[in-house]
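# Examining the three-dimensional arrangement
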Amino acid sequence: MERAFSLDLGASPVKNPCMSTGRLTIDLDALTANWRALDGMSGEAVQTAAVVKADAYGLGVAKVGRALAAAGARRFFVAAAEEGAALREALGPGPEISLFSGHMSGDTDMIHDLHLVPILNSMDQLTRHFEALPGHPFGVQLDTGMNRLGMEPGEWGAIAPIALAQGPTLIMSHLACADEPDHAMNARQLAAFHEMTDGIDVPRSLAATGGILLGPDYHFDLTRPGIGLYGGAPYEDAAMVAHLDLPVIQIRDIAIGETVGYSNTWEAERPSRIATLSGGYADGLQRHISNQAVLFHDDIPCPIVGRVSMDLIGVDVTHLRERPKALTILGDHQSVDDLANVAGTIGYEILTQLGARYTRRYARGRQ
Ligand SMILES: *Cc1c(COP(=O)(O)O)cnc(C)c1O
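Here is a short report on the structure shown in this document. All values reported here derive from a predicted model rather than from experimental measurement.

### What about unusual backbone geometry?
Backbone torsion omega between A233 and P234 reads 15°, so that peptide bond is classified as cis. Take P234: it is sitting in the loop between β10 (222-223) and β11 (242-254). Positioned with a positive phi, A56 is a non-glycine residue whose angle comes to about 55°. Tracing the backbone shows A56 in helix α2 (residues 53-57). Owing to a relative accessible area of 0%, A56 belongs among the buried residues under this scheme. For S263, which is not glycine, the phi dihedral falls at a positive 65°. The topology assignment puts S263 in the loop between β12 (259-260) and β13 (266-267).

So this is what it looks like as structure tokens:
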């Protein structure tokens, strides 16, 4: 019998370091440009921190943290002590790392050994902190109406003298509606924050990305941008940081009436060319974008056809002149917010769900 094919893996070196999973490119220059731009929106006396919780919104806290520190960021915020530990390992001693979740029981050793700064949210946390680590730096979070974390006005009135006697390094609160500049909640929270903190000689912070855009009244001494650093709304002028390309595994031509994917949700109305791409809901590309979102070949949109499955997506490429090697789902023609709009969510969720299977590349500038 003749051999139908031969495999010669040794002879011809693979020229194209061809990807088999999606390639996520994180543009660190865009990231630091966003940090500088947000820093430039507040006055000289206002410090601009960086929020890098949830693995820097899914983009990798070590690389992101180091790039921001090199750009001049000196204060970082994460949600939990474990995240603070990962960031400390990346940054070394020096930069201040604060924990929004405060001082949780079981975190004392990490807070002490890694020099993390808990933002204390309640009387319980204050007591725990002062008993376990007297003299260790801390901040205080106040609740000005969001009803999520922090001490409420009545509670704060009673506790403030005790807390202030221990010398907090920061008093902060968080805005619930800052992405809607005209929302009455913004002014209400601003007034509540003034009421709870005016006359106290401790640095104050109220604004995340949305609050920075609300203007100087909201800036106080320190701002805490997160999403704006990573190219997301409400910072409309942000540079794109995350670029995601999905490789084509197979291309097939199908006839009118044939269907694509699970449950036959898409049927060809013309002879069609369908590319099957590596990437699916296990990679954070929600099933909800089935038959809705587009990917791009350069600047030509190509619609997703059929259901997004766990590892694969079908895309109609009938109108392309060439057979694409990969298509772009996040890039110059589609931001995280564009994709979020199709998926019925927000850019924050698109970013933080970016899958672990992607090949990640950290780029300085666009290549
Ligand atoms: C997540 C978070 C931030 C950053 O918010 P963005 O909207 O991403 O800029 C700031 N402060 C607190 C308390 C947060 O939880």
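Now that the structure is up, let's keep going.
### Here we look at the nonpolar core
Within the largest apolar cluster, 74 residues are counted, with the highest numbers of intra-cluster contacts made by V52, L68 and Y230. Among the elements that line this core, the one with the most residues is helix α3 (residues 61-71), at six residues. The contacts of V52, once residues within four sequence positions are left out, are V61, V64, L68, F76, F77, V78, L87 and Y230. L126, L142, A178 and L190 belong to the second-largest nonpolar core, a separate cluster that totals 21 residues.

### Quick notes on the site of the ligand
Looking at the ligand, there are 14 residues lining it, with K53, Y57, T209, I227 and Y348 nearest. Contact between the ligand and G226: an oxygen atom at 2.8 Å from a main-chain N or O atom of the residue. Burial of the ligand by the surrounding chains reaches 92%, relative to a free accessible area of 390 Å². Class assignment for the residues of the shell around the ligand results in eight nonpolar, three polar and three charged.

Definitions and cut-offs
- Residues numbered from 1 in each chain as written.
- Predicted model: local features only at pLDDT ≥ 70, side-chain atom pairs only at ≥ 80, totals over all residues.
- Heavy atoms only, no water.
- Helix = DSSP H or I, 4+ residues; strand = E, 2+ residues; numbered from the N terminus.
- Buried < 20%, exposed > 50% of the residue type's maximum accessible area, 1.4 Å probe, protein only.
- Core = buried A, V, L, I, M, F, W, Y, C linked by side-chain atoms within 4.5 Å.
- Contact = heavy atoms within 4.5 Å.
- Near = heavy atom within 4 Å.
- Polar contact = N/O pair within 3.5 Å; in protein donor to acceptor, adjacent residues only side chain to side chain.
- Areas by Shrake-Rupley, 256 points an atom, 1.4 Å probe, with all protein chains shown as cover.
- Nonpolar A, V, L, I, M, F, W, Y, C, P; charged D, E, K, R; others polar.

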